[in-house]
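# Tertiary structure, described
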Amino acid sequence: MASAIRRLPDAQAAVRMRAYDGAIAARRRRTYLGAALLLAMIGLAGNVGEVSIPKFVANIGNFTSYIGRLFYLDSGQPVVANISEWFWGVTQKSKWLPLLGETLLIAYIGTITGAVGAFIWSFLAAQNLVPSRWLRVFARRYLEFCRTVPELVFALIFVVAFHLGPLPGILALAIHTTGALGKLFAEVVENIDMKPVEGLTATGASWVQTVRFAVLPQVLSNFVSYTLLRFEINVRSAGIMGFVGAGGIGQELLVSVRKFYYSDVSAILLLLIATVMIIDLLTEWLRHALIGREAGT
Amino acid sequence: MSTPSAASSPTPRSSLRDISLAQRADIEARHPIVFRADVARRAVTIGIVAAILGVYVFGLATLDISWGAVFDGLTRLGEFAVLMMPPSFGTAARLSAYLSGLAATLAIAFLGTLLAAIIAFPFGFLAARNVIPNVFAHFAVRRVLDTLRAIDTLIWALIWINVVGLGPFAGILAIMTSDFGAFGKLFSEAVEATDAKAVEGILSTGGGHLQSVRFGLLPQVLPVLISQVLYFFESNTRSATIIGIVGAGGIGASLYEEIQVNEWQHVAFLVLMILITVAAIDLISARLRVAIIGRRAA
């Protein structure tokens with residue numbers, strides 16, 4: 001049904017229009033100011049970062065030709081013409097497949113060790129379980145330190161202390177995992193239903209018993225889910241640990257890139273990508289199976 | 001069942017507990033089901049734990065990791081920790097080198113993230129089902145994005161060094177490439193999660209397709225996108241600190257050198273610098289997020 005819209009008298013409308021225009025103009029000014037600031041920062045960062053468009057334009061051909069060369073063997077054949085030559089390292093002993101396995105094991109051991117650490121620290125960092133403020137603050141700061149320092153920095157230092165090999169890689173991943181998972185775990189613990197905890201406290205259960213029977217059943221599925229996600233991330237990270245000598249297939253990849261073994265680079269990269277994708281699929285399947293089991297019981 | 005001593009329990013012992021424990025035999029006789037262990041369930045739990053531990057021990061054995069090596073390493077790490085005190089930078093020239101490395105790190109993170117976001121922006125719409133209904137187009141775009149994302153920033157840095165040479169520019173391009181993949185995926189998901197009503201409204205007033213994107217979709221997705229870009233900027237600040245290890249600029253190069261020559265006081269100083277910078281960037285980005293998209297959405 002049509003109804004007439006009553007217009008304000010012009011004098012009143014003009015006042016409102018002026019206010020509206022003013023508000024819009026103020027917002028515009030803020031946007032322009034933000035854009036100008038952003039542009040200034042881009043200019044500054046471009047200067048510091050040695051950005052050079054001419055160099056980029058002149059050499060962009062190198063990028064495409066580099067990517068192209070990745071798919072040709074030394075003999076000049078395209079890689080698909082001779083798959084066995086392309087993936088020659090797969091069949092060699094102590095070459096790509098064992099190194100890939102080593103990468104996975106580094107990720108696995110690092111994740112489990114880190115998750116156990118995170119498990120213990122998260123209860124100490126949770127506000128609802130630890131009455132001591134100082135212990136909690138200490139636990140939080142420690143976890144923050146563990147996740148703020150990049151894992152490759154830990155790996156660099158550990159390589160000197162523990163010598164070359166998978167051990168520094170494992171420890172670097174474990175410490176970073178403790179920091180990252182500890183924060184997530186603590187948040188899960190802080191969001192639990194406190195009634196079971198009160199119930200157990202009322203019966204005089206000790207702190208450990210309360211955690212075991214009132215907290216753990218509520219948080220375990222979330223903990224496992226987060227740990228599986230972290231495992232995915234750690235498989236990727238373990239792939240590059242070898243760049244600093246901390247084990248895995250990264251070392252082989254670095255050598256191939258530095259020595260311009262083009263077809264090896266593409267073969268190792270494809271192996272890594274395939275491994276990461278398979279692990280992603282597997283953990284996703286596991287997570288769904290777990291959630292299903294949880295919902296079923 | 002063991003009875004924990006009073007010393008081990010921080011909470012005051014309730015008399016209810018003593019009464020219950022005294023009557024335990026009686027309670028057990030009355031409610032046998034509660035006390036019967038679920039054998040099948042327990043076997044599954046034990047099996048899972050045993051499998052996890054089994055792979056763990058197998059891994060330790062395969063990788064040839066011994067307690068002796070761990071202990072030796074920890075001892076050496078303790079020595080390094082002593083050598084790190086107090087953190088110092090040595091000469092003023094070195095401090096200025098560190099500071100310029102830090103500036104390069106921030107520039108790499110900032111420009112890398114920004115370029116990735118700018119390039120990914122149109123692709124976010126192209127890969128979104130509700131903007132481009134062509135199944136093949138968005139499948140192809142998505143697979144390309146997946147591949148870019150699967151390759152680590154450090155590997156991209158190695159490739160870009162071949163193109164533009166050593167230096168922070170290669171780092172910027174590396175972060176741009178790997179984040180382009182991530183942003184493309186996240187942006188397209190944000191676009192797909194929008195409410196179609198706003199777009200329909202624009203179209204019903206006679207707006208064109210482009211106008212419906214600008215005034216219908218963009219206001220809905222922009223806060224989400226900005227929030228994600230800020231998160232990636234935080235995480236890229238961390239990535240940019242290590243990208244110098246392969247020669248792509250930033251503070252990582254100094255860190256690598258100082259570790260190689262066992263200058264532990266300098267290493268500690270550099271790590272402290274990294275920690276403070278990362279914390280500061282986190283703080284600034286949290287503030288910005290609130291300022292741009294409001295407290296609730298953050």
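Given the structure is predicted, the values throughout are model-derived calculations rather than measurements.

## A word on the overall build of chain B
Within chain B one finds 13 helices and 0 strands. The linear arrangement of helices and strands in chain B, starting from the amino end, is α-α-α-α-α-α-α-α-α-α-α-α-α. Taken along the three principal axes of its C-alpha coordinates, chain B extends 80 × 65 × 40 Å. Taking all 298 residues of chain B together, the buried fraction comes to 36%. Of the contacts formed within chain B by residues at least 6 apart in sequence, a portion of 71% connects residues at least 24 apart.

## A short note on the packing of helix 5 (residues 96–125) of chain A against helix 4 (residues 39–62) of chain B
Across the interface, helix 5 of chain A lies against helix 4 of chain B with an axial gap of 10 Å and an inter-helix angle of 125°. Relative to helix 4 of chain B, the element helix 5 of chain A lies oblique. As for how helix 5 of chain A packs across helix 4 of chain B, the hand of that crossing is left-handed. Residues Leu105, Tyr108, Ile109 and Ile112 of chain A of helix 5 of chain A pack against Ile52, Val55, Tyr56, Gly59, Leu60 and Thr62 of chain B of helix 4 of chain B. Among the residues making up the contact of helix 5 of chain A with helix 4 of chain B, the classes are represented as 8 nonpolar, 2 polar and no charged.

## Concerning helix 6 (residues 92–126) of chain B
If you check helix 6 of chain B, its first and last C-alpha atoms are 51 Å apart, about what 35 residues at 1.5 Å a residue would give, namely 51 Å. The sharpest bend along helix 6 of chain B measures roughly 35° and falls at alanine 120 of chain B, with the proline proline 122 of chain B sitting one to four residues further on.

## Looking at the environment of alanine 240 of chain B
Residues and elements named next belong to chain B. With respect to the secondary-structure elements, alanine 240 resides in helix 11 (residues 209–242). By C-beta crowding, alanine 240 is classed as buried, having 35 other C-beta atoms within 10 Å. In this structure, the C-alpha to C-alpha distance between alanine 240 and leucine 106, residues 134 residues apart in sequence, is 7.4 Å. With near-sequence residues (within four places) excluded, alanine 240 lies in contact with Thr105, Ile108, Ala109, Gly171, Ile175 and Gly250.

## Some remarks on the nonpolar core
Counting residues in hydrophobic clusters, the biggest one holds 143 residues, and the most contacted among them are Ala155 and Leu156 of chain A together with Ala157, Trp160 and Ile243 of chain B. Considering each element in turn, this core owes the most residues, 15 residues, to helix 5 of chain A. Apart from the residues within four sequence positions on either side, leucine 156 of chain A is in contact with Val244 of chain A together with Leu255, Tyr256 and Ile259 of chain B.

## Considering the interface of chain B and chain A
Contact with chain B, which involves 57 residues of that partner, is made by 47 residues of chain A. Its residues assigned to classes, the side of chain B that touches chain A comprises 40 nonpolar, 12 polar and 5 charged.

## Section: the packing of helix 7 (residues 151–162) of chain A against helix 12 (residues 252–260) of chain B
Where helix 7 of chain A meets helix 12 of chain B, the axes come as close as 10 Å, and the angle between the chain directions of the two elements is 15°. Considering the angle they form, helix 7 of chain A stands roughly parallel to helix 12 of chain B. The two elements helix 7 of chain A and helix 12 of chain B meet at a crossing, and its hand is right-handed. Contacts from Val153, Leu156, Ile157 and Val160 of chain A of helix 7 of chain A reach helix 12 of chain B at Leu255, Tyr256 and Ile259 of chain B. Broken down by class, the residue content of the contact of helix 7 of chain A with helix 12 of chain B amounts to 7 nonpolar, no polar and no charged.

## Examining the confidence of the model for chain B
This prediction gives chain B a mean pLDDT of 83; 93% of its residues lie at or above 70. Note on the complex model: pTM 0.80, ipTM 0.78.

## Thoughts on the environment of valine 130 of chain A
Residues and elements named next belong to chain A. Mapped onto the fold, valine 130 is located in the loop between helix 5 and helix 6 (133–148). Look at valine 130 and you get partly exposed, because 17 C-beta atoms sit within 10 Å. Residues within four places of valine 130 in sequence aside, it is in contact with Leu124, Leu135 and Arg136.

About the criteria used
Residues numbered from 1 in each chain as written. Chains lettered and ligands numbered in written order. Predicted model: local features only at pLDDT ≥ 70, side-chain atom pairs only at ≥ 80, totals over all residues. Helix = DSSP H or I, 4+ residues; strand = E, 2+ residues; numbered from the N terminus. Buried ≥ 20, exposed ≤ 12 C-beta atoms within 10 Å, placed from the backbone. Contact = placed C-beta atoms within 7 Å. Axes fitted to C-alpha atoms, helices over the stretch in contact; angles between N-to-C directions. Parallel < 35°, antiparallel > 145°, perpendicular 65-115°, else oblique. Left-handed = near helix turned anticlockwise from the far one by under 90°. Nonpolar A, V, L, I, M, F, W, Y, C, P; charged D, E, K, R; others polar. Expected span 1.5 Å × (residues − 1). Bend = angle between axes of the 7 residues up to and from the residue. Core = buried A, V, L, I, M, F, W, Y, C linked by C-beta atoms within 7 Å. pLDDT = per-residue confidence, 0-100.

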